[in-house]
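The lines below spell out each chain.
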Amino acid sequence: MRVPLSWLREYVDLPATETGRDVQEKLVSAGLEVETVEHLGADLKGPLVVGQVLTIEELEGFKKPIRFCTVDVGRANGTGEPQEIVCGARNFAVGDKVVVVLPGATLPGGFSISARKTYGKTSHGMICSADELGMGDDGTHGIIVLPPEHEVGADAIELLQLVDEVLDIAVTPDRGYCLSIRGVAREAAIAYGRPLLDPALLDVPAPNAFGHPVKISDPFGCDRFTARTVTGLDPEARSPIWLRRRLQKAGMRPISLAVDITNYVMLELGQPLHAYDRSRVQGAIGVRRAERGEQLTTLDGVTRTLSAEDLVITDDRGPIGLAGVMGGANTEIDDTEGTTTEVVVEAAHFDPVAIARTARRHKLTSEASRRFERGVDPQAASAAAQRTVDLLVLLAGGTAEAGVTEITAPAAPRTIAIPADHPDKVAGVTYGRETVVRRLQQVGCDVYGQDELIVTVPSWRPDLTDPNDLAEEVIRLEGYENLPSTLPRPLPGRGLTARQRLHRRVGRALAGAGYVEAPNYPFIGEAVLDQLGLDADDPRRTVVTLANPLSDEEPALRTTLLPGLLGALRRNDGRGSHDLALFETGLVFRPTGQEEAAVRLPADRRPAADQLAALDAALPRQPRRAAVVLAGAREQAGWWGKGRPSDWADAIEAARTVAREAGVELSIRADQHAPWHPGRCAALYAEVDRAETLVGHAGELHPRVVKAMHLPERTCAMEIDLDLLQRAGDGVARAPRISAFPVATQDVALVVDKPVPAVEVEAALREGAGELLESLRLFDVYENAEQLGDGRKSLAYALRFRAPDRTLTVDEASAARDAAVALAAARTGAELRS
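The present account deals with the structure reproduced in this document. Model, not experiment: these values are computed from the prediction.

Glancing now at the overall build of the chain. Helix and strand counts for the chain come out as 22 helices and 42 strands. The C-alpha atoms of the chain give a radius of gyration of 40 Å, which is well past the 28 Å a tight globule of 834 residues would have. Over its C-alpha atoms, taken along the principal directions, the chain stretches across nearly 125 × 80 × 60 Å. Partitioning the intrachain contacts of the chain with sequence separation of at least 6 by distance along the chain shows that 70% fall at a separation of at least 24. In the structure as shown, the chain presents an accessible area of about 41500 Å², 50% of it carried by carbon and sulfur atoms. Of the charged side chains in the chain, 94 are positive and 120 negative; the average position of the first set lies 4 Å away from that of the second.

Let's shift gears to the pattern of salt bridges. Scanning all chains against the criterion turns up 57 salt bridges. The partner of Asp377 in a salt bridge is Arg182, and the shortest N-O contact between them spans 3.2 Å. A residue pair is termed long-range when its members are at least 10 positions apart, and Asp377 in the loop between helix H8 (367-374) and helix H9 (381-396) and Arg182 in helix H4 (residues 181-192) qualify at 195 residues. Residues Asp377 and Arg182 agree in their burial class; the two are buried. As a salt-bridge pair, Asp723 and Arg499 come within 3.1 Å of each other at their nearest N and O atoms. Remark: Arg499 occurs in helix H13 (residues 498-512) and Asp723 occurs in helix H19 (residues 722-728); sequence separation between them is 224 residues. Several salt bridges share partner residues, and in doing so they unite Arg175, Glu187, Arg461, Asp463, Glu473 and Arg476 into one network.

Right, let's get into the packing of helix H20 (residues 758-769) against helix H22 (residues 810-828). Where H20 contacts H22, the two axes come as close as 7 Å, and the packing angle between them is 140°. With respect to their mutual orientation, H20 and H22 come out oblique. Between H20 and H22 lies a crossing of right-handed hand. Of the residues in H22, those in contact with Glu760, Val761, Ala764, Leu765, Glu767, Gly768 and Ala769 of H20 are Ala816, Ala819, Ala820, Val821, Leu823, Ala824, Arg827 and Thr828. Of the residues contributing to the contact of H20 with H22, the split by class is 10 nonpolar, 2 polar and 3 charged.

Of note, Asp351 is situated in the loop between strand E23 (343-350) and helix H7 (352-361). Among the residues examined, Asp351 registers a relative accessible area of 14% and is labelled buried. Considered as a pair, Asp351 and Val376 are 25 residues apart in the sequence and their alpha carbons are 9.6 Å apart. Here Asp351 is in contact with Phe220 and Gly221, once residues within four sequence places are set aside. One polar contact links the side chain of Asp351 to the main-chain amide nitrogen of Ala354, over a distance of 3.2 Å.

A separate point is H20. The end-to-end C-alpha separation of H20 is 16 Å, in line with the 16 Å expected for 12 residues at 1.5 Å each. The complete set of buried residues in H20 reads Val761, Ala764, Leu765, Gly768 and Ala769. The arc that holds the buried residues of H20, viewed along the axis, is 125°, so those residues lie on one side. In this fold, the buried residues of H20 make contact with strand E39 (744-753), strand E40 (773-782), strand E41 (792-801) and H22. With its phi angle positive at about 80°, Gly770 sits one or two positions after the end of H20.

A word on the nonpolar core. Proteins that are soluble and globular tend to have nonpolar side chains buried together. Counting residues in hydrophobic clusters, the biggest one holds 56 residues, and the most contacted among them are Leu8, Leu27 and Ile169. Ignoring sequence-local partners within four residues, the contact set of Leu27 consists of Leu32, Val34, Leu167, Ile169, Val184, Glu187 and Ala188. If you look at the next biggest cluster of nonpolar residues, it comprises 31 residues, including Ile668, Val695, Cys716 and Leu722.

What the 3 strands build is an open sheet, ordered E25-E27-E26; its pairing is antiparallel. Each having just a single partner strand, strand E25 (415-419) and strand E26 (446-448) make up the two edges of the open sheet. Strand-to-strand twist across the sheet, computed as the mean angle between neighbouring axes with direction ignored, equals 25°. Two strands pair when backbone bridges link them, and E26 and strand E27 (residues 452-456) are joined in this way by 3 bridges, in the antiparallel orientation.

Here we take up the environment of Gln161. Within the secondary structure layout, Gln161 lies in the loop between helix H3 (156-159) and strand E13 (164-170). Here Gln161 falls in the partly exposed class, since its relative accessible area comes to 23%. Sequence separation between Gln161 and Ser6 is 155 residues, and the spatial gap between their C-alpha atoms is 9.3 Å. Beyond its immediate sequence surroundings of up to four residues, Gln161 is in contact with Trp242, Arg245 and Lys249.

With that settled, consider the pairing of E23. In terms of residue burial, E23 counts as a mostly covered element, since 8 of its 8 residues are buried. Burial along E23 is two-sided: Val343, Val345, Ala347 and His349 and Val344, Glu346, Ala348 and Phe350, pointing in opposite directions, are all buried. The pairing of strand E15 (residues 222-231) with E23 spans 8 bridges and is antiparallel. Residue pairing across strands places Arg224 opposite His349, the latter belonging to E23.

The next thing to look at is the packing of aromatic side chains. A full pass over the atoms with the stated rule returns 6 aromatic pairs. Look at Trp639 and Trp640: their rings are 5.5 Å apart centre to centre, the planes differ by 80°, and that puts the pair in the edge-to-face class. Across this residue pair, the class does not change: Trp639 and Trp640 are exposed. These aromatic residues form a ring-pair network of at least three members: Trp7, Trp242 and Tyr264. Arg186 extends its terminal NZ or CZ atom over the ring of Trp460, reaching a point 4.0 Å from the ring centre.

Here we come to the sheet that holds strand E16 (residues 273-277). Pairing in this open sheet of 4 strands is antiparallel, and the strands run E16-E23-E15-E24 from one edge to the other. Here the strands that pair on one side only, and so sit at the sheet edges, are E16 and strand E24 (399-408). For this sheet the average axis-to-axis angle between neighbouring strands, irrespective of direction, equals 20°. Each of E15, E16, E23 and E24 touches H9; the most contacted strand, E15, lies at about 15° to it.

Quick notes on the rules
Residues numbered from 1 in each chain as written. Predicted model: local features only at pLDDT ≥ 70, side-chain atom pairs only at ≥ 80, totals over all residues. Heavy atoms only, no water. Helix = DSSP H or I, 4+ residues; strand = E, 2+ residues; numbered from the N terminus. Rg over C-alpha atoms; globule rule 2.2 N^0.38 Å. Contact = heavy atoms within 4.5 Å. Areas by Shrake-Rupley, 256 points an atom, 1.4 Å probe, with all protein chains shown as cover. Lys, Arg positive; Asp, Glu negative; His and termini not counted. Charge placed at Lys NZ, Arg CZ, Asp CG, Glu CD. Salt bridge = Lys/Arg side-chain N within 4 Å of Asp/Glu carboxyl O. Buried < 20%, exposed > 50% of the residue type's maximum accessible area, 1.4 Å probe, protein only. Axes fitted to C-alpha atoms, helices over the stretch in contact; angles between N-to-C directions. Parallel < 35°, antiparallel > 145°, perpendicular 65-115°, else oblique. Left-handed = near helix turned anticlockwise from the far one by under 90°. Nonpolar A, V, L, I, M, F, W, Y, C, P; charged D, E, K, R; others polar. Polar contact = N/O pair within 3.5 Å; in protein donor to acceptor, adjacent residues only side chain to side chain. Expected span 1.5 Å × (residues − 1). Arc of directions from axis to C-beta. Core = buried A, V, L, I, M, F, W, Y, C linked by side-chain atoms within 4.5 Å. Pairing = 2+ DSSP bridges. Phe/Tyr/Trp six-rings, centres within 6.5 Å; stacked < 30°, edge-to-face > 60°. Lys NZ or Arg CZ within 6 Å of the ring centre and 35° of its normal.

Have a look at this one:
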């Protein structure tokens, strides 16, 4: 909202010495976001005067039309002689009044004016356009042609109001009343302790049965509608300079007198209005919901197909406007033809939610919709209509008809009960009842009561709905800067939960294993699920869709961590980092379809346990996951030896690293699960609640997935459920047991069939070796048909034995080894390799 300081002073008697910067400081202290103060005409210096064109000579022989003019500027040039000026514009004629800048002046931007020879003539000054004077877009492209009543030689700087200060205010959604000069003036009056000259305090005639007929079919969508009619308008009347300049300073383009007046009143009072050419309105004006498939051509020339939720203005033909957003072209006041002599003025109040949804549905944001969706004062409609009628009568020579149509839905004023000391408790400062009552009365509230205050909220503050809103008003007007800086007193706590501790340990362990954390936004789209090759019935395709997503391409919450991580890997690889190991821990969202509708929690007290339980029941399952992705080299080559690329085994080892932090031993099995390669995919199992449970997958991604997502070749990934691991573990991180006795190492090489997984051989060896086994490591896999036979492979393991209380003998270590080999032979058909 752009607020000219000169306009603001009409409603608040600000001190004459106050500058725009001073007012900005006061309003910021009151909680308004005044972003900038623009100094209009700061570098403008006269003489800049009104002149009258006496003669025009067309100069020939140049690439563009050039005119040599003589202009009467009175005594402004010191001689009274006509001023000779060369000009290239053609939108003025002999006898027109124009704006002339004389030598010695300076125009905005530091452009100095002096006499100079051009096109074979000497030009003593310039005939000015709006752009050259920094006035902005005035709807015309060329020289400013003034009305004939202005005196030759008069100061054009004052006439055109070229010097001013404009406050640019970023109005937050809860302060919609500040999208008007009236609202900002109210805040300024409070800040300076001055009275407010409310422009809405007008004598408004009572409604009667003689006004233009109006029918409201949806009183919830439109609870107030005022219609006034003005006849006998001069179709040639144009907006006066003061009106055009105020619109320009406020950031709006002058269009025509009737439209300029409705825009002016909207800026002044905050009430959007619309003016209809009465000769183009057929029958009664109505307000209803649109019928599905109805069409309307709006003022911007676009034909729009309406939704059944759209609120529309109608006549006997059908829709003539999108209520609160934009009027229709079929009732437009056409200033180009100059035929409009009768106008129907509409001032209505519409449901903010309906207007906001219509504006977004049609991607059509207007000044009117911005105000309606933030809340407009319903009590201002009659005053705004009266103000519009008064200006049309004054500036266009019209006559206001006696008929006044006003349809109002019954509505009681909103009241809030608040303890008088509630703002004190919220702020931690003792304000006292008198201060609380005074501040609430300043914002327009009626306050009654002693210890318990009954506050009637003003109609222009729909954002005040509960005691905390009223407390905020008191605190902001007393000054946020006056609040003391006090540290909160934390209640005694129990430290981090077991879930939090596991989360932190997993992050540290993966970082220590060489992975880099890469957090991602939790949003996905259907396309990435297709790229991952998920089946149509895959549970990961059942997503929670957001009602208002940040991006239409990613409207849902993730069901797996892999899309975000793989996207980060692809971006880094594309920017030259080819050896990558990334990890992320976070929530995924897995709806079951059994979720209930969410309940609305109270804001004035702590929700009850059953209310919180109902809210939890409305949420989807949100398991915590950990995931890693790898590509490129896992170990770099150098003087120390050869490097090696990352592979599926590294992804599995990452899962083991995570599981160890939970105190869980994983069981690894071959599996086929998208998006992993069917021959290089491992299912991760752990014992949860005494039952073996699938907790995740790891391995190399499917080549089709790699191609679809433009990933490096042989990209690997792992994803595991941290909540299941927490349930599987004992919850206590145990330090390793250290023995002072020496270790006994025994190596065995077992020959098994190729299909036999190494993990099964390992499990048999571990169980057969018993309690003396400290560690078991596979250090060699060997395949040779000549030595081992077809379809056979050799697995070499290093077994480390240690006793906690003695030094093992060779016989004890050998016996444990033989027991391990025997059980492996019984379970997997393994043979000890000679």
